[in-house]
Structure formats: structure tokens, C-alpha cells
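Next come the chains, spelled out residue by residue.
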Amino acid sequence: MTVMTWSDETYALGVDRMDDTHREFVELVNACDSAADKAAFVAAFKALLAHTEQHFAFEDSLMQQTAFSSAEEHIGEHRKVLAEMAQFLKRAGGPMSAFAREYVRARLPEWFGIHASTMDSALAFHLKGTADAEALAALYASADAASGITAKGADATSATA
Ligand SMILES: [Fe+2]
Ligand SMILES: [Fe+2]
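On a predicted model such as this, the values are computed, not experimentally measured, just so you know. (Residues numbered from 1 in each chain as written. Chains lettered and ligands numbered in written order. Predicted model: local features only at pLDDT ≥ 70, side-chain atom pairs only at ≥ 80, totals over all residues.)

1. Some remarks on the packing of helix H4 (residues 71-91) against helix H5 (residues 97-130)
At a minimum axis distance of 10 Å, the contact between H4 and H5 shows a crossing angle of 170°. Taken together, the axes of H4 and H5 are roughly antiparallel relative to one another. Contacts between H4 and H5 involve His-74, Glu-77, Val-81, Phe-88, Leu-89 and Arg-91 from the first element and Ser-97, Phe-99, Ala-100, Tyr-103, Trp-111, His-115, Met-119 and Leu-123 from the second. Split into classes, the residues belonging to the contact of H4 with H5 amount to nine nonpolar, three polar and two charged. (Axes fitted to C-alpha atoms, helices over the stretch in contact; angles between N-to-C directions. Helix = DSSP H or I, 4+ residues; strand = E, 2+ residues; numbered from the N terminus. Parallel < 35°, antiparallel > 145°, perpendicular 65-115°, else oblique. Contact = placed C-beta atoms within 7 Å. Nonpolar A, V, L, I, M, F, W, Y, C, P; charged D, E, K, R; others polar.)

Below you can see the structure in the form of C-alpha cells.
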């Protein structure tokens, strides 16, 4: 089932690297929701958490490199959500699995909608205003290294079903 539907009007921030990552996030949330059984759900949730760790580490690095004024608050929010996801992932394979599924299908998408339109939107605005193309490429390369992302862009065709 589809619990989140990407639309540019709702989610796009105009910074391709952030938008690509957010599109992947939406796909991975949907993959969790369509998991047929507990084992499939746990695997999908693990993939979502791993992706989110990189997603947040990438943004954290961009904020740290550019002395973004709301960095502390934004990084703290990332940390809080990762801890929450890890807690629910622990329950995902056991008798509390329904709570974990509910978290991924309702609370997490709701959180993301707010986060993208507030904190991530502010970061995107900051990036658009403070760096030329060359400086941005250097920022991204450094953020990729910090977040463990390698060879980004090769799989961009998998964005739509
Ligand atoms: Fe983000
Ligand atoms: Fe963020």
C-alpha cells in the first residue's frame, strides 16, 4: 500500500540532493507498509533506518560545514527521530510489531511532512543562498564522505514505480 505519495508541491525544496534523498525516504516508508509479513517488515524497516542515518548525517554535515544558524536544533531533531526509529525497530519483529507498523505508517510520515516543510526547507533556502555551484559540489562531496554515501546518482532511475 502507499502511505506516502511524493509530490513536488508538497515536498520538493529545490535542492536536488535533498529532494532525491527525500523521494527515496518516501519509497522506503511505502516499502515498509507493503511488507507482507513480520520478517519482511523488519527488513524494510532496517533499510529505512540505514537510509535515514545517511540522510540525516548528510544534512548534519552540510549544516556543520556552513555554520548554519539552526544547526543545533535541526541536528538534535534528527538524533531524536533516529533514536525513536531504533526503539520501534527493536519491537518490529516481536509481539509489539503492530505498534512499529503504526509508527512507520502514521507518525513517521506526519513527522516528515512537518520536518521537510520547516527545518529542511530552511536548510535548503540557506544552501541556495550561500553557495555557488562549485562550492556546493565541494560541500556535497564532503557531506557524502561524512555520511558514508558513495557514488551517488547512479541509481536515480529507480525513483518511480
Ligand atoms: Fe531531510
Ligand atoms: Fe532534516
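Moving on from the coordinates now.
2. Comments concerning the nonpolar core
If you look at the biggest cluster of nonpolar residues, it comprises 16 residues, and the most contacted ones within it are Val-29, Cys-32, Phe-45 and Val-104. Only helix H2 (16-33), helix H3 (38-65) and H5 provide two or more residues apiece to this core. The next biggest cluster of nonpolar side chains, apart from the first, holds twelve residues, and it includes Val-15, Met-63, Leu-127 and Tyr-140. (Core = buried A, V, L, I, M, F, W, Y, C linked by C-beta atoms within 7 Å. Buried ≥ 20, exposed ≤ 12 C-beta atoms within 10 Å, placed from the backbone.)

3. A look at the packing of H3 against H5
A pair of packed helices is captured by two measures, namely the crossing angle of their axes and the spacing between those axes. At a minimum axis distance of 13 Å, the contact between H3 and H5 shows a crossing angle of 20°. Regarding the angle of H3 to H5, the classification is roughly parallel. Crossing angle aside, the handedness with which H3 passes H5 is left-handed. Note on element contacts: H5 touches H3 through Ser-97, Ala-100, Arg-101, Val-104, Leu-123 and Leu-127, opposite Lys-38, Phe-41, Phe-45, Glu-59, Leu-62 and Met-63. Across the contact of H3 with H5, the residue classes tally to eight nonpolar, one polar and three charged. (Left-handed = near helix turned anticlockwise from the far one by under 90°.)

4. Some thoughts on the confidence of the model for the chain
The share of residues in the chain with pLDDT of 70 or more is 92%, and the mean pLDDT across the chain is 92. Looking over the chain, one finds the lowest element-wise mean pLDDT in helix H6 (residues 133-147), namely 92, and the highest in H4, namely 98. Contacts of residues 153-161 to residues separated by more than four positions or lying in other chains number two contacts, the stretch itself having pLDDT below 50. (pLDDT = per-residue confidence, 0-100.)

5. What about H6?
Its 15 residues give H6 an end-to-end C-alpha distance of 21 Å, which sits within 8% of 21 Å, the value for a rise of 1.5 Å per residue. With its phi angle positive at about 80°, Gly-148 sits one or two positions after the end of H6. (Expected span 1.5 Å × (residues − 1).)

6. A word on the environment of Arg-79
Residue placement: Arg-79 occurs in helix H4. On the basis of neighbour count, Arg-79 is assigned to the exposed category, with 12 C-beta atoms found within 10 Å. Remark: the alpha-carbon pair of Arg-79 and Glu-53, spanning 26 residues in sequence, is separated by 9.2 Å.

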